[in-house]
Amino acid sequence: MKLKVMLVDDELPILHNLKAVLPWEDMRVEVIALARNGKEALDRFRELTPDLVLCDIRMPVMDGMAFLSEARKDNVECDFLMLTGYQEFDYAKEALQRGVRDYILKPIDYDQLEQSVRQVCEQIRTRKLDRMQEIERWGRMASMAYEKQLYHALLGFHTESDSFWLPEHGESLDRLWYSLYLADVDQYAQLSLQWSDQERRSRNAEMTEALQHLAAAGGGSAAVMQLREGEWCIIEQRARGANWRTRQDHANERLQQLRDGMRERMKLPVSFVAYPEGVRITEMESAYKKLQRMLLQSAGSWKLACARGKASDAGLREDPSLWRAVDVIVSRMRKLDQSAMSEALADLKHCVSKEQEQEFYCAEKVLHYLLLHLLRELREMNMIVPQDEEKIWRKLQHSISVKNVMEMIIELVDNAMEKGFSKKTGEMLMLAAKDYIHKRLSGDLGVEELANYLGISISYFSLLFKSHFGETFVEHVTRLRMEMAQSLLLTTDKTVTEIGSASGYSERRYFTKVFQKFAGMTPSEYREHHQAER
C-alpha cells in the first residue's frame, strides 16, 4: 500500500534534503507536494489529501501550528510530523495536544527522522487495512442480510411490514424493482441418482459459483439464490422505466449470455426461463412459481424461454386452483401435516377431473412437474431410497395416463408420510438441519442461527446434532467445507483464495490453516500433489 506525503518548510535546502535524503521509494511513499509556508501548504493539502505531512513550525505567512489547526478542521485523516528549531517544551506540548505523531528537532538527524517516518507509515497502513477489512466485513454482512431477505421473499415469507434498507441506495427493498431468471438442470433428479452426497454438493456448488460469476459479469446488482438442488433463481435489480419490448429484449439477451456462459463452464444441460416484468420484493414468490411452471413447457437441452409478464399464465391454460393444490402438497410434505395433505390431494384430484372435463391439456404436465418436485423434496428429506426412485423413472419412460401419474403421486405421498411419522422428532429436526447447512455451506453458519431456525435451544440442538451425526456442528461443517474445497482444487483452476471463499472462508490465511490441519498439507500442496499423481 503506497502512501502520499507532503513536505513543508520555508528553508529551500531543508525542503530539498527532505525529498532527496529519505528513502521514500523504499518506504513505499510518494512525495506528492512541496510547500514553503502554511497557506501554500493548506491549499495543496485540500487539493491532494496526503496521508502524512512533514511540516516546519516557524514559517512566514502562516506558521506550522496555524496550518495544522486549519487542516484539522477539514476532518481529513492525516498524520503530522513537526520540524522545529525551538526546543521549548510548550511547542512540543501544543503539537502533541493537536494530534501530532512526533516532532523532530533541527538540525535534523535524518536517521532519527527516517525511523519516525517508518513507524508512522506502518501505523497509517495498519489503520487503513483495519478500516478496509471493517468495510469488507460490513459489506459482507449487508450482502448476506440482503440475500436473506430475497431468499425469504422467494419463499413467500416477506411481508409489507418487513423493512430492510440498502445503504448504497438509501432506500428500502420494498421500493426497488427486480427481474427474475430461473436456471434448472435438465432431468436433475434422474441424473443425480448416480452421484454421491459429496459429488452432489460439489456439482451444486460449482453451478452456484458459475452462475454468480455470470450474473456479476452482466453488470448491475444481481443475486443468485438456490432454493433446491439443481435449480437457481437469479434476481436482477433493475430500473422500472423501460417499456415491455425493451425489457423483453434485455431479458432475452441476458438469457443468451447465461446459457452461453454455462455451456462453456459446465457439461450439464441447463434450461433457462426469464420473468422480465418488473416485480416488487413482495411479488417475488408469485413470479418464482410462474417461472417454475414455464419450465414445464420449455425444459429441454439448453432451452430458453421468456415470459410476457403478467400474461404468462395464459399460455398454460390451467385452473389456478390446480397450482394452489400443488403448492399445498409440496409445502405440507416437509411439515408432515397429514390432514392438510389429505385435503390437498382431494383438491388435486378434483382439479384434474375438472381440467379433463373441459379438455384442458395442462393437467398431465402439472402432475409430471409435481411428481418430479416431490422426488427432489423427498430426497433432500432422506425419505426415499434410490431403488424406489429408479422404479418411478422406469415407469415415466413409458407413456402413462393422467390417472396412472396421479396414482404414483398418491402412493409416493402416502409412503413418505408413513416414513416421516415413523421417524423420531429429533431425526426430522436433524434432516432439516442438514438441508439448511447444505444450502448455506459457502456462507456464514452458526449454532445459534441454526438452533433458532429449528426453534430449539442451543444446548438441545448441540446434543441432538452430536448424537445424530457423530460429530459436533463445527466438525461437521468444517469437514463438508474441506471436502468441497478438495473437490474444487482438483476439478477447477480457481485460485486458493477463490476456493476458500466458495467454501465459506473469506480470509485465505485462515482457510489455509484449517485446510492444512484437515488434509495434512496446504491447499497449494494438495493440488500439486494430486496433479503429480495424475
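Residues numbered from 1 in each chain as written. Predicted model: local features only at pLDDT ≥ 70, side-chain atom pairs only at ≥ 80, totals over all residues. Heavy atoms only, no water.

## Structural notes on the overall build of the chain
Thought 1: The secondary structure content of the chain amounts to 21 helices and 12 strands.
Thought 2: Taking all 534 residues of the chain together, the buried fraction comes to 48%.
Thought 3: Carbon and sulfur atoms provide 49% of the accessible area of the chain, an area that totals close to 27100 Å². (Helix = DSSP H or I, 4+ residues; strand = E, 2+ residues; numbered from the N terminus. Buried < 20%, exposed > 50% of the residue type's maximum accessible area, 1.4 Å probe, protein only. Areas by Shrake-Rupley, 256 points an atom, 1.4 Å probe, with all protein chains shown as cover.)

## Here we look at the packing of helix α18 (residues 473-491) against helix α20 (residues 508-519)
When two helices pack together, their arrangement is given by the angle between the helix axes and the distance between those axes.
Thought 1: Interhelical geometry of α18 versus α20 gives an angle of 95 degrees and a closest axis separation of 10 Å. Our classification of the angle between α18 and α20 gives roughly perpendicular. Counted together, Thr478, Arg479, Met482, Ala485, Gln486 and Leu489 of α18 and Phe511, Val514, Phe515, Phe518 and Ala519 of α20 form the full contact between these two elements.
Thought 2: Of the residues in the contact of α18 with α20, the class split is eight nonpolar, two polar and one charged. (Axes fitted to C-alpha atoms, helices over the stretch in contact; angles between N-to-C directions. Parallel < 35°, antiparallel > 145°, perpendicular 65-115°, else oblique. Contact = heavy atoms within 4.5 Å. Nonpolar A, V, L, I, M, F, W, Y, C, P; charged D, E, K, R; others polar.)

## Considering the environment of Leu214
Thought 1: Note that Leu214 resides in helix α7 (residues 197-217).
Thought 2: Given a relative accessible area of 13%, Leu214 falls into the buried group.
Thought 3: For the pair formed by Leu214 and Gly261, sequence separation is 47 residues and the distance between their alpha carbons is 6.7 Å.
Thought 4: When neighbours within four sequence positions are excluded, Leu214 is seen to be in contact with Arg254, Leu258, Gly261, Met262 and Arg265.

## Focus on unusual backbone geometry
Thought 1: The step from Lys106 to Pro107 runs through a cis peptide bond, and the omega angle for that step is 0 degrees.
Thought 2: Here Pro107 shows up in the loop between β5 (102-105) and α5 (110-155).
Thought 3: With phi around 55 degrees, Arg28 is a residue other than glycine that occupies positive phi space.
Thought 4: Tracing the chain through its elements places Arg28 in the loop between α1 (12-21) and β2 (29-35).
Thought 5: Residue Arg28 is classed as partly exposed on the basis of its relative accessible area of 41%.
Thought 6: Residues other than glycine seldom take positive phi values, yet Thr49 does so here, at roughly 45 degrees.

## A closer look at the packing of aromatic side chains
Thought 1: A full pass over the atoms with the stated rule returns 13 aromatic pairs.
Thought 2: Ring centres 5.7 Å apart and planes at 40 degrees place the aromatic pair Tyr505 and Phe511 in the tilted group.
Thought 3: What makes Tyr505 buried here is its relative accessible area of 8%.
Thought 4: The interplanar angle of 80 degrees and the centroid separation of 5.5 Å between the aromatic rings of Phe515 and Tyr526 together place this pair among those described as edge-to-face. Within this pair, whereas Phe515 is found in helix α20, its partner Tyr526 is found in helix α21 (residues 523-533), the two being separated by 11 residues in sequence. In this pair, the class of Phe515 matches that of Tyr526, namely buried.
Thought 5: Each residue in the set Tyr505, Tyr510, Phe511, Phe515 and Tyr526 is aromatic and connected to the rest through ring pairs, giving one cluster.
Thought 6: The aromatic ring of Tyr505 is capped on one face by Arg481, whose charged end is 5.5 Å from the ring centroid. (Phe/Tyr/Trp six-rings, centres within 6.5 Å; stacked < 30°, edge-to-face > 60°. Lys NZ or Arg CZ within 6 Å of the ring centre and 35° of its normal.)

## Here we look at the confidence of the model for the chain
Low pLDDT means the predicted atomic positions in that stretch should not be read closely.
Thought 1: Averaged over all residues, the pLDDT of the chain equals 79, while 80% of them reach at least 70.
Thought 2: Across the chain, the element-wise mean pLDDT spans from 49 in strand β6 (residues 165-166) up to 94 in strand β1 (residues 3-8).
Thought 3: Counted against residues more than four places away or in other chains, residues 161-165, with its pLDDT under 50, gives 13 contacts.
Thought 4: Considering only residues more than four positions removed or in separate chains, one finds that residues 309-318, a stretch of pLDDT under 50, has 25 contacts. (pLDDT = per-residue confidence, 0-100.)

## So, the pairing of strand β9 (residues 222-228)
Thought 1: Extensive coverage of β9 is indicated by the burial of six of its seven residues.
Thought 2: Looking at chain direction, β9 and strand β10 (residues 231-238) are connected through five bridges and run antiparallel. Note on β10: the bridge partner recorded for Val224 is Ile234.
Thought 3: A loop of two residues connects β9 with β10, the two strands running antiparallel in sequence, and Gly230 in this loop sits at a positive phi of about 80 degrees. (Pairing = 2+ DSSP bridges.)

## Comments concerning the nonpolar core
Thought 1: One finds Leu348 and Ile409 to be the most contacted residues of the largest nonpolar core, which totals 37 residues.
Thought 2: Counting only elements with at least two residues in this core, the list comes to α10 (320-335), α11 (338-357), α12 (363-380), α13 (386-396), α14 (402-422) and α15 (425-439).
Thought 3: Ignoring sequence-local partners within four residues, the contact set of Ile409 consists of Leu345, Leu367, Leu370, Leu371 and Leu374.
Thought 4: Counting residues in hydrophobic clusters, the runner-up holds 32 residues, among them Ala433, Leu441, Met484 and Tyr526. (Core = buried A, V, L, I, M, F, W, Y, C linked by side-chain atoms within 4.5 Å.)

## Notes on the pattern of salt bridges
Proximity of charged atoms lets side chains of opposite charge pair with each other.
Thought 1: According to the stated counting rule, one finds 21 salt bridges in the structure shown.
Thought 2: Here Arg46 and Asp74 are joined by a salt bridge, their closest N and O atoms 2.8 Å apart. Remark: Asp74 occurs in the loop between α3 (64-73) and β4 (79-84) and Arg46 occurs in helix α2 (residues 38-48); sequence separation between them is 28 residues.
Thought 3: The partly exposed category is assigned to Arg46, whose relative accessible area is 44%.
Thought 4: For Asp74, a relative accessible area of 29% puts it in the partly exposed group.
Thought 5: In this structure, the salt-bridge partner of Glu70 is Lys73, at a minimum N-O distance of 3.0 Å. In this pair, Glu70 and Lys73 are both assigned in helix α3, three residues apart and thus about one turn of the helix distant.
Thought 6: Under the relative-accessibility criterion, Lys73 is labelled exposed at 56%.
Thought 7: Overlapping salt bridges bring together Asp9, Glu11, Asp56 and Lys106 as one network. (Salt bridge = Lys/Arg side-chain N within 4 Å of Asp/Glu carboxyl O.)

## So, the sheet that holds strand β3 (residues 52-56)
Thought 1: Pairing within the open sheet is parallel, and its five strands lie in the order β2-β1-β3-β4-β5. Looking at the sheet topology across the chains shown, the edges are occupied by β2 and β5. Within the sheet, the average angular offset between the axes of one strand and its neighbour, ignoring direction, is 20 degrees.
Thought 2: With six bridges joining them, β1 and β2 adopt parallel strand pairing.

## A look at the pairing of β10
Thought 1: Counting buried positions along β10 yields eight of eight residues, so the element is predominantly enclosed.
Thought 2: The side-chain alternation of β10 yields two buried faces, one formed by Glu231, Cys233, Ile235 and Gln237 and the other by Trp232, Ile234, Glu236 and Arg238.
Thought 3: Across eight bridges, strand β8 (residues 177-185) lies against β10 in antiparallel orientation. Directly across from Trp177, in β10, lies its bridge partner Arg238.

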